[in-house]
Amino acid sequence: MSGAPQHDAQKTFYLETFGCQMNAHDSEKVVGTLVQEGYRQVGTVEQADLVLYNTCSIRDKAEQKVFNRLSDYKKYKKQGKTFGVLGCVAQQEGEKIFERTPYVSLVCGSASYRNLPNMLIQIEAGNQRVTGLDDRKTDECFETEFTARTNPHRGYITIIEGCDKFCAYCVVPYTRGKERSRTSESVLAEAHQMADLGYTEIQLLGQNVNSYKDPEGKSGFPKNSKKTFAELLAAVGEVPGIRRVRFTTSHPRDFGRDIVDAIDAVPTLCDHVHLPVQSGSTRVLDAMQRLYNRDQYLERITWMRSAKREISITTDVIVGFPGETESDFAATLDLLDEVGYDAVFAFKYSPRPNTPSLSMEDAIPDAEKARRLEVLMSKQRDIQTTRYKKYIGTICEVMVEAKNEARSQLIGRTTHNKTLNFTAPEALQPGTYAPVRVTGSFPNSLLGELVI
Ligand code: 5AD
Ligand code: SF4
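Description of the structure in this document. Keep in mind that what you see is a predicted model, and the values were worked out from it rather than measured.

### Things to note about the site of ligand 1
Link 1 in the chain: Around ligand 1, the neighbouring residues are I58, R59, Y169, Q278, D316, I318, F347, K348, Y349, S350 and R352.
Link 2 in the chain: Contact between ligand 1 and Y169: a nitrogen atom at 2.9 Å from a main-chain N or O atom of the residue.
Link 3 in the chain: Between ligand 1 and S350, the relevant distance is 2.8 Å, taken from a nitrogen atom to a main-chain nitrogen or oxygen of the residue.
Link 4 in the chain: Every element with two or more residues in the shell around ligand 1 is listed here: β13 (312–319) and β14 (343–348).
Link 5 in the chain: The residue inventory of the shell around ligand 1, partitioned by class, reads 5 nonpolar, 2 polar and 4 charged.

Structure, rendered in structure tokens:
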């Protein structure tokens, strides 16, 4: 990071973010970097000199949204505004973006964010074609002290960037580049800093946090203090002041039993694991190049089910992968029953540029994908209805997230990552922890009252 701000202090920027938590957190770091470089964040495109979109290309509609948004704002170019596209669509489409939307001056993938200060200098010098697209093979992470976190109680920390898994349907390895981990030393320093600032919940982020590999520390850091993911997780959970630690996303192939042992040993590690399965059919898992089969996945579920605390398990599923038969799909439905998930994020398969599955035969028609999605979600709704009912009568600790004025309720989140809306004699501030008695349940949330 360069030293004192070198740019015009009046320069303003607007940033809109699409996509996953990684993108949301990248944006917090991009905002921090821009502010450090003398820019001021504003809430509308109209007020901004520099308009940035941090984009997602995981599924088709995500990138379409970005192009629609960009064409909406074409008119502002005449007013001298500068436009930039960041993130996965930027990396995927590269310089083609300049052709499709000539009023864009900056195209930058996430692996190049560390060079943003330099790119800003080029933009300010009037360069109309600034790119950050060549860093996908870098070993460096986007480390900055200037993260502009939007939530004062729960904060993200990226521990690993990129992905080396190359699942057949996924753009991430192409858009976010190769895997690179931050040192545990640096992650823990950030966790301590956050605790000092009053954060009580930390969420560790990565496309595949389980393949975290602690790199050689900076000079003077003892070599034998390298940590595995489970050790890092436990160490973050032991930082004084931190009451909740979550992590996402896990990959079943790299999800070790030591993670469950860490959850057993460290009470601050939340009772929730998101373990994307994608399909319940070993044949489809093979075609997806997921590197595990149904039985291996279920073995990991057994580890979690035998933990000391009840761990809530959630997953991602793709329906209609090329060649997915009725019986493959039935195997996925059957898996939902067998595991008993507390939430399922289900998606219709979307063919993505550069990915191996793009050229696979036996595409499933969209109407059939839609039907399977509907069937799956309806089944999962029933499963959740039953699972959520079990909480009625129990007392759950929540962290208060917000107030729902219209309903005179507070919105809380349990360690199981469930939304628990509750009444209380007087409003509690966001960030407060409180015991709540569960009095009712829905398929996606719980209802309760404060225990006084
Ligand atoms: N089509 C549909 N869903 C996808 N996902 C990733 N790539 C695709 C794709 N091409 C889903 C996976 C992943 C989640 C983040 O998005 O389920 O776990
Ligand atoms: Fe994509 Fe697979 Fe990597 Fe997840 S593990 S980011 S699905 S390639």
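Having seen it, we continue.
### What to know about unusual backbone geometry
Link 1 in the chain: With an omega of 5°, the peptide bond running from T248 to T249 counts as cis.
Link 2 in the chain: Tracing the sequence through the fold places T249 in the loop between β11 (244–248) and α9 (257–265).
Link 3 in the chain: Of note in this structure, Q278 is not a glycine but carries a positive phi near 75°.
Link 4 in the chain: Here Q278 shows up in the loop between β12 (272–274) and α10 (282–287).

### Quick look at the packing of aromatic side chains
Link 1 in the chain: Applying the stated criterion across every chain yields a total of 9 aromatic pairs.
Link 2 in the chain: Consider the rings of F18 and Y53, whose centres lie 6.3 Å apart with planes at 45°: the pair is tilted. Taken together, the residues span a long stretch of sequence, with F18 in the loop between β1 (12–17) and α1 (21–36) and Y53 in strand β3 (residues 50–55) at a distance of 35 residues. Y53 shares its class with F18; the two are buried.
Link 3 in the chain: Ring-pair connections join several aromatic residues into one group, and the members of that group are Y169, F321 and Y349.
Link 4 in the chain: Here the basic side chain of R59 rests over the ring of F347, its NZ or CZ set 3.7 Å away from the ring centre.
Link 5 in the chain: The ring of Y433 carries the charged tip of R243 above its face, separated from the ring centre by 4.0 Å.

### Some details on the site of ligand 2
Link 1 in the chain: Taken together, C163, K165, F166, C167, Y169, C170, V172, P173, Q207, H251 and R290 make up the full set of residues adjacent to ligand 2.
Link 2 in the chain: A per-class count over the shell around ligand 2 returns 7 nonpolar, 2 polar and 2 charged.

Calculation rules
Residues numbered from 1 in each chain as written. Chains lettered and ligands numbered in written order. Predicted model: local features only at pLDDT ≥ 70, side-chain atom pairs only at ≥ 80, totals over all residues. Heavy atoms only, no water. Near = heavy atom within 4 Å. Polar contact = N/O pair within 3.5 Å; in protein donor to acceptor, adjacent residues only side chain to side chain. Helix = DSSP H or I, 4+ residues; strand = E, 2+ residues; numbered from the N terminus. Nonpolar A, V, L, I, M, F, W, Y, C, P; charged D, E, K, R; others polar. Phe/Tyr/Trp six-rings, centres within 6.5 Å; stacked < 30°, edge-to-face > 60°. Buried < 20%, exposed > 50% of the residue type's maximum accessible area, 1.4 Å probe, protein only. Lys NZ or Arg CZ within 6 Å of the ring centre and 35° of its normal.

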